[in-house]
Amino acid sequence: MTHTATITLTVNGQRLTRTAGAHLTLLRWLRDLAGVTDPKYGCGEGVCGACAVLLDGEPVSACLVLAAQVDGAEVTTAAGLSGPGGIPGPLQEAFHACHAAQCGFCTPGMLVTAAALLADGRIRSRAEIRAGLHGNLCRCTGYGPIVDAVEAAQEARQARPDPRDHLGRAPAGHDAPRPRPAAGPERGR
Amino acid sequence: MFIRPFGYERAGSLADACEMLRERGEAAKVIAGGQSLLPMVNLGLVQPEVIIDISHAGRDDDGAAARGGGAVPGGAVPGGGRSGSDRAVAARSREIGGGDGYLTIGALVSHARLAGDPAVASAQPLLAAAAARIGNPRVRSRGTLGGSLAHSDPAAELPLAMVALGASYRVTDGRSARDVRAEEFHLSFLTSALAEDELVVSATVPALGPGWGWSFQEVARREGDFALAAVAVLVRMAGGIVAEARVAVGGAADRPLRLADVEAALAGASPGEIAGRAGPLRGLSPVSDISASAGHRAHLCAVLVRRALDEACRRSQEATA
Ligand code: FES
Ligand code: FES
């Protein structure tokens, strides 16, 4: 039995090693030890989705995984969905264009969940997008703009097939400037 | 989330984990996907001294485990017997195998894999549909079959599907294995027939037979919540009438229940007679709790059973057409 654990994770492409209590969740490991603060702590029960990250490509609640269980894994947070040099990735741009964030607390989890939802490239109906996001709670937007953004992101990808994958990574050698995606629906000011 | 620190131990095999459970007794909790245990730990409802991680059991065998016998149909071994090597057990706990009209699913198979596996969808679509209804995508990525069965939540999808299908679970204490019928495994609220040092290895269900139709229905307050009521139904129509039916409800009692009286009443019914023969549901006295009254639950169960029978009959007729 061990009470401390030395864990190495590749977070958004960067290898990080930290030693800490073996009881720490992945969320606490990321936020408190590694300073990766885009996943948020909302409920600690797996119901709000604020802590969602991709673990080896699969969406998980970082609050419901022990870091010690996943030593060696690859973690992608919302920040990892951006393109080279930190420019917004396609989903992030769509969220921006559609005003899909108000306080922003749910946004990292929404982005990660949307990325996992759209990963297979299949075009989804609005109802399917809503169903795919049902495990992520938002107290501000009323969800409309978030669904708009996910729809806009998948439409943008379909209209102009993007060489980047859903994590915003361009294939090797491809770094041409990207046109901005179509703006989201106009909203009254 | 200020949880009391605990120790962590990674089990190399299920047998190792059983041994650790014997050593540490009540102070130890087993984790696989953690989707039931960690919410309770984070809320302080469970304060283990050590958590035994079985999610890597058999994984370091360099592929040997996977070759060790994952496709054993099993489940029909009366009285259990020796469990075979650790490797074979480990392989069985990670694999989806089938043959001879059976499907065997390892305890460490995630809900997402169960929901998306083409072999499961064709051999036993009811199981795939039940798995797809669990929680949210994050729960399905991590949550495991064995965890859901051992947790024995009366409103959980997989125990209900297993009871409807007449599944049998292989459980082990690391020294010998035994097979337990799903109906005898789920005893009451969060209570299973597992001994302190036993773990689920796999579950075996019969494949969907020719001419059978199925349906899985549930109602929850919010999508992804545990069901207020859930229903799993299988029907075989022959000559335009119900030849055989299996009806089970979840979320209504302290465990998933087969409704034998309803099944018997349905035999010989034509499609027009089904609703009348099914309800009001005999053999069901639902619980009242903070989420729904007994009366509301009874109503939901009756409605869902009717809907499920409709859908299952239609599928059965399509299958035989
Ligand atoms: S904090 Fe993890 S799901 Fe809410
Ligand atoms: S933007 Fe505030 S919770 Fe979603």
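Up top is the structure these notes are about.
Residues numbered from 1 in each chain as written. Chains lettered and ligands numbered in written order. Predicted model: local features only at pLDDT ≥ 70, side-chain atom pairs only at ≥ 80, totals over all residues. Heavy atoms only, no water.

A. Structural detail: the packing of aromatic side chains. Residues and elements named next belong to chain B. For the structure on display, the rule yields one aromatic pair over all chains. Measuring from centroid to centroid gives 4.9 Å for Tyr 169 and Phe 185, while their planes differ by 80 degrees, and the two rings are edge-to-face. Note that Tyr 169 is positioned in strand E7 (residues 168–172) and Phe 185 in helix H11 (residues 182–185), a separation of 16 residues in sequence. For the pair Tyr 169 and Phe 185, one class covers both residues: buried. Taking the ring centre of Trp 214 as reference, the NZ or CZ of Arg 315 above it sits at 3.9 Å. (Phe/Tyr/Trp six-rings, centres within 6.5 Å; stacked < 30°, edge-to-face > 60°. Helix = DSSP H or I, 4+ residues; strand = E, 2+ residues; numbered from the N terminus. Buried < 20%, exposed > 50% of the residue type's maximum accessible area, 1.4 Å probe, protein only. Lys NZ or Arg CZ within 6 Å of the ring centre and 35° of its normal.)

B. Fine view of the pairing of strand E14 (residues 241–250) of chain B. All names here are of chain B. Pairing of strand E13 (residues 229–238) with E14, which is carried by nine bridges, proceeds in the antiparallel orientation. When the sheet's bridge partners are listed, Ala 230 is paired in E14 with Gly 250. Here E13 folds back onto E14 in antiparallel fashion, the turn holding two residues, of which Gly 239 has a positive phi close to 60 degrees. What sits between the antiparallel neighbours E14 and strand E15 (residues 257–258) is a turn of six residues, in which Gly 251 has the positive phi angle 80 degrees. (Pairing = 2+ DSSP bridges.)

C. Structural detail: the packing of helix H2 (residues 90–97) of chain A against helix H5 (residues 144–159) of chain A. Residue and element names in this part refer to chain A. In the contact formed by H2 and H5, the axes pass within 8 Å of each other and the chain directions differ by 135 degrees. In terms of axis orientation, H2 runs oblique to H5. Relative to H5, H2 is oriented so that their crossing is right-handed. Residue-level inspection shows Leu 91, Ala 94 and Phe 95 of H2 in contact with H5, the latter providing Ile 146, Ala 149, Val 150, Ala 152 and Ala 153. Among the residues making up the contact of H2 with H5, the classes are represented as eight nonpolar, no polar and no charged. (Axes fitted to C-alpha atoms, helices over the stretch in contact; angles between N-to-C directions. Parallel < 35°, antiparallel > 145°, perpendicular 65-115°, else oblique. Left-handed = near helix turned anticlockwise from the far one by under 90°. Contact = heavy atoms within 4.5 Å. Nonpolar A, V, L, I, M, F, W, Y, C, P; charged D, E, K, R; others polar.)

D. Representation of the sheet that holds strand E1 (residues 7–10) of chain B. Residues and elements named next belong to chain B. The strand order E1-E3-E2 describes an open sheet built from three strands, whose pairing is parallel. A strand with exactly one partner marks an edge of an open sheet, and here the two such strands are E1 and strand E2 (28–31). Neighbour-to-neighbour, the strand axes of the sheet open up by a mean angle of 25 degrees, direction not taken into account. In this sheet, strand E3 (residues 50–53) lies alongside E1 in parallel orientation, the contact comprising four bridges. Its bridge partner lying in E3, Arg 10 is registered against Asp 53. Here helix H1 (residues 14–24) sits on the sheet in contact with E1, E2 and E3, set at roughly 165 degrees to E3.

Limitation: the analysis is restricted to geometry and does not speak to function.
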